[in-house]
Amino acid sequence: MDKFLIEGGRRLEGSVEISGAKNAALPELAASLLTSEALRLSNVPRVHDISTMARLLAHMKVAVTLPPAPDAVVLRAGTVTSAEAPYELVKTMRASILVLGPLLARSGYARVSLPGGCAIGARPVDLHIKALEQMGAEITTAHGYIEAHAKKLHGAHIVFEKITVTGTENLLMAAALADGESVLENAAREPEIVDLAELLTKMGARIHFEKDDGTGPSVIRVHGVTSLHGAEHRVIPDRIEAGTMLVAGAITGGELALTHCEPRHLDAVIAKLIESGADIRPEGPGGLRVRGMQQPRPADVATEEYPGFPTDMQAQYMALATQASGASVLTETIFENRFLHASEMTRMGANIAIDGRRAVVRGPSRLMGAKVLASDLRASASLVLAGLVAEGETLIDRVYHIDRGYEGIEKKLCAVGARIRRMR
Ligand code: EPZ
């Protein structure tokens, strides 16, 4: 298992290019199942979750080719012969559930392993199943698998009890080919949803955002069509990678220019980092410049669905909060167990008290390098950030977690002054 050896105490300075968004590319890869024509996606990040999804689709006989362009992928689901997502693949990536809606819509049958929970929570998929049943699917769960049949899905008025990102994505793809009109209420409004809808529209889907108060759709109306055609699409930039790099600049008191990002998707993160004392300004199209403070200020944060402060940035922000001059209260409202990084940071010298969904971080703490263990994707990123400011060397084990969602993070950070060595 790969490890990162980080030598801390170095100020970061320079320019970082942000990759395409993993959480936009994953549903968009799955959308290839909706048509027999070719789908060409560009700006696809080279991260492990993407190769897992590509392997899963290839298992279903989707032709997946990586053309010469380094960040492009072409998919063609000529005929979907195997509508099964096996446990061996699904257990490594919960987002495999995203093939359920498209398979049902395209071939009327799907057998998808139930994604287990993961480090950050139980992460059920009951809302996906309930909504697909409303569209006429007959679904049973047995022996760890979801088995779904639907001669033809029909439109339905779906009100999600909870806002679910992949639930909204699954139903958007299913509704695109259903008979009649569907309304998705209390839908997720993340930029990744809007990007998927843009791709589906290019493929011929008829999707309308209603009650869009400018921060993305909370009601989505879909008129089903009989078939969808191929398309080309550039995946949006990864707002969480960008947020992570903003924290890297802030926490080291450095100065970073981010390129190829979408500042509009980061309003809540930028506002919070400015509140903590960082200087962040837009810089040209798709650019942001961050200047860190020697002494960040404490600032409370509660995670919320978009456009609120993203849960996927909570761990990274906690690393910064350990350096702030005072107490910051972090409240995690989305997942029930997303503070696993706190115990590892405490071992490095942080002062963090966890009480259920609340973490009180008291700073500034002088972090010392230590051997630490990554537990999930964003926790790993927060340990890298802590290692950047810790005195001495930090050895992070199980960095396969970070490789799932960050494209060459150590290369990008070393290019702006960090000292990180990947050890096999
Ligand atoms: C997506 O996960 C992201 N993953 C996650 O990013 C992200 O943390 C999460 O949305 C929240 O923003 C991808 O897009 C691939 P949810 P998802 O369904 O869709 C509950 C990362 O780091 N729920 O929006 O699985 C659920 O338990 C990953 O890149 C149900 O109860 O999250 C959670 O408490 C981690 N029943 C809440 O809703 C359901 O059927 C939000 O979950 C579905 C969800």
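To be clear, the structure that these remarks concern was listed above.
Procedures and definitions
- Residues numbered from 1 in each chain as written.
- Predicted model: local features only at pLDDT ≥ 70, side-chain atom pairs only at ≥ 80, totals over all residues.
- Heavy atoms only, no water.
- Salt bridge = Lys/Arg side-chain N within 4 Å of Asp/Glu carboxyl O.
- Near = heavy atom within 4 Å.
- Polar contact = N/O pair within 3.5 Å; in protein donor to acceptor, adjacent residues only side chain to side chain.
- Areas by Shrake-Rupley, 256 points an atom, 1.4 Å probe, with all protein chains shown as cover.
- Helix = DSSP H or I, 4+ residues; strand = E, 2+ residues; numbered from the N terminus.
- Nonpolar A, V, L, I, M, F, W, Y, C, P; charged D, E, K, R; others polar.
- Axes fitted to C-alpha atoms, helices over the stretch in contact; angles between N-to-C directions.
- Parallel < 35°, antiparallel > 145°, perpendicular 65-115°, else oblique.
- Left-handed = near helix turned anticlockwise from the far one by under 90°.
- Contact = heavy atoms within 4.5 Å.

S.K.: Quick rundown of the pattern of salt bridges? Include the residues and the values.
M.R.: For the coordinates displayed, the defined rule picks out 26 salt bridges. Note that Arg-281 and Asp-279 form a salt bridge whose closest N and O atoms lie 3.0 Å from each other. Three or more residues are tied together by salt bridges with common partners; here these are Glu-255, Asp-279, Arg-281, Glu-283, Arg-289 and Arg-291.

S.K.: Describe the site of the ligand, naming the residues involved and giving the relevant values.
M.R.: Around the ligand, a shell composed of 22 residues is seen, among which Asp-126, Thr-164, Thr-166, Asp-312 and Ile-334 lie nearest. Between the ligand and Arg-123, the relevant distance is 3.0 Å, taken from an oxygen atom to a side-chain nitrogen or oxygen of the residue. In this structure, Thr-166 approaches the ligand through a side-chain N or O atom, which is 2.6 Å from an oxygen atom. Out of a free accessible area of 820 Å², the ligand has 89% covered by protein chains. Mapped by element, the contributors of at least two residues to the shell around the ligand are α1 (22-30), α5 (126-134), α6 (165-176) and α12 (377-389). The leading source of residues in the shell around the ligand is α5, at three residues. Looking at the shell around the ligand residue by residue, the classes come out as nine nonpolar, five polar and eight charged.

S.K.: Lay out the packing of helix α10 (residues 314-321) against helix α11 (residues 340-347) with the relevant residues and their values.
M.R.: For the pair α10 and α11, interaxial distance at closest approach is 10 Å and the crossing angle is 25°. Overall, the two elements α10 and α11 adopt an arrangement that is roughly parallel. As α10 packs across α11, the resulting crossing turns out to be right-handed. Only His-341, Ala-342 and Met-345 of α11 make contact with α10, whose side of the interface consists of Gln-314, Ala-315, Met-318 and Ala-319. Of the residues contributing to the contact of α10 with α11, the split by class is five nonpolar, two polar and no charged.

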